[in-house]
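As a plain string of letters, each chain reads:
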Amino acid sequence: MTRLSRTRAAWRAVAVLAAALLTVTVAPAGAGADPEPKAPEEFVALDRVDRTILHEMRYTTPHNFVGERIDGYRQPVCILTKPAALALRKAQRSLLRQGYSLKVYDCYRPQRAVDHFVRWAEDLGDERMKAEFYPKVDKSRLFEDGYIAAKSGHSRGSTVDLTIVKLPAQPTRPYVPGEKLVPCYAPQAERFPDSSVDMGTGYDCFDTLSHTDDPRIVGEQRANRDLLRWTLSDVGFVNLPEEWWHFTYKPEAFPDTYFDFPVSRRSVSGR
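What counts, and where the lines are drawn
- Each chain has its residues counted from 1, following the order in which its sequence is written.
- Local features are withheld for residues below a pLDDT of 70 in this predicted model, meaning they are given only at 70 or higher, and side-chain atom pairs are given and counted only at 80 or more; totals for whole chains, interfaces and linings count all residues.
- Remark: hydrogens and water are excluded; side-chain values derive from all non-hydrogen atoms of the structure.
- Elements are defined by DSSP. Helices are runs of H or I of four residues or more, strands are runs of E of two residues or more, and each kind is numbered from the N terminus.
- Burial classification: accessible surface area is computed with a 1.4 Å probe over protein chains only, and a residue below 20% of its type maximum counts as buried, one above 50% as exposed, and the rest as partly exposed.
- We call two residues in contact whenever any of their non-hydrogen atoms come within 4.5 Å of each other.
- For the accessible areas, the method is Shrake-Rupley and the probe is 1.4 Å, while residue cover comes only from the protein chains on display.
- Two strands qualify as a pair provided DSSP detects at least 2 bridges between them.
- Angles run from 0 to 180 degrees between N-to-C directions of axes, and those axes are lines fitted to C-alpha atoms, restricted for helices to the stretch in contact.
- Just to be clear on terms, a salt bridge is a Lys or Arg side-chain nitrogen sitting within 4 Å of an Asp or Glu carboxyl oxygen.
- Under the rule applied, a polar contact is a pair of N or O atoms within 3.5 Å (in protein, one hydrogen donor and one hydrogen acceptor; residues adjacent in sequence only if both atoms are side-chain atoms).

Secondary structure assignment for the protein yields six helices and seven strands. Listed by position from the N terminus, the elements making up the protein come as α-β-α-β-β-α-β-α-α-β-α-β-β. Across the 271 residues in the protein, those meeting the buried criterion constitute 47%. Restricting the contact set of the protein to residue pairs at least 6 apart, pairs at least 24 apart contribute 75%. With an accessible surface of roughly 13,900 Å², the protein has 57% of that area assigned to carbon and sulfur atoms.

This is the structure we're talking about:
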């Protein structure tokens, strides 16, 4: 082999080695990434079951007690186990005949979102949303008083937070971070408008007035809470006494499992 041939062969060897090293360096980054978990087959998007139920998915927005989008909420889609979603469809049909609609605030909640709530509750210096959501509650007591916990029934997929809206539904405006906050138990005309009938408090109000049977809730507010509770209990939902908006379908499809797939259409694609 001539000197020129040996030189060309050497350069070809260097080029092959360089290409191999580039492949080794670049390929594993994508190939080794853990895929996002998806929902089991028993989960569905609520709007695929009933398109008439209104949605205001609060944790995809900064209008919540934390003040920012919550981890795991990728899209404003309500995901539930199929039996819970079908039961809501039955409840919706009953309400539509009376001139009302359901509106969901939160449905399935990933464990990573619950973890976000816990981190926020431990940060006693972050009280940006206190004036609206927990005006009378010392943040240091959120765990002790039961407002925040390390696990949530929402993560099992059969629990939903919701309200009733009088039809035709009035348009709502987006929350603007930094705007003046009004206590969640203020008269409805003063609270942030969300099109709900008057339930006596806003959603996620950390106050004993949110207890479904609080004796201070009377008149129209009492009638509205009872309509929501009776309508949902007729189709298999059980109310959490401390929160007028919180209902769990029984029996739960996954009574002992806390899921962590993200809230997105991709998690339930095709269902």
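Pairing in this open sheet of five strands is mixed, and the strands run β2-β4-β5-β7-β6 from one edge to the other. Every other strand in the sheet has two partners, leaving β2 (54-55) and β6 (237-239) as the edge strands with one partner each. Taken together, the two bridges between β2 and strand β4 (residues 100-106) define a ladder with parallel strand orientation. Within β4, the residue paired with L54 across the bridge is K103. Along the sheet, helix α6 (residues 219-233) makes contact with β4, β5 (159-166), β6 and β7 (246-249), crossing β5 at roughly 125 degrees.

Pairing between side chains of opposite charge can happen when the charged atoms of each approach one another. With the rule as written, the count across this model stands at 23 salt bridges. Of the charged contacts, one joins R58 and D194 as a salt bridge, the two residues approaching to 3.6 Å between their closest N and O atoms. Taken together, the residues R58 in the loop between β2 and β3 (79-81) and D194 in the loop between β5 and α6 connect sequence positions 136 residues apart. Taken as a pair, R58 and D194 share a single burial class, namely buried. One salt-bridge network, in which partners are shared between bridges, spans E36, R74, R112 and D260.

Right, let's talk about the environment of D161 for a bit. Tracing the backbone shows D161 in strand β5. For D161, a relative accessible area of 2% gives the class buried. Between the C-alpha atom of D161 and that of D106, which follows or precedes it by 55 residues, the distance is 5.1 Å. With residues near it in sequence (within four places) discarded, D161 still touches K103, V104, Y105, D106, R109, H154, Y203, W245 and H246. Within the structure, the side chain of D161 is placed 3.1 Å from the side chain of H154, a separation counted as a polar contact.

Attention shifts here to the pairing of β5. For β5, the buried fraction is high: seven of the eight residues fall into the buried class. Bridge analysis of β4 against β5 gives six bridges, and the strand direction is antiparallel. Bridge pairing in β5 places L102 opposite I164.

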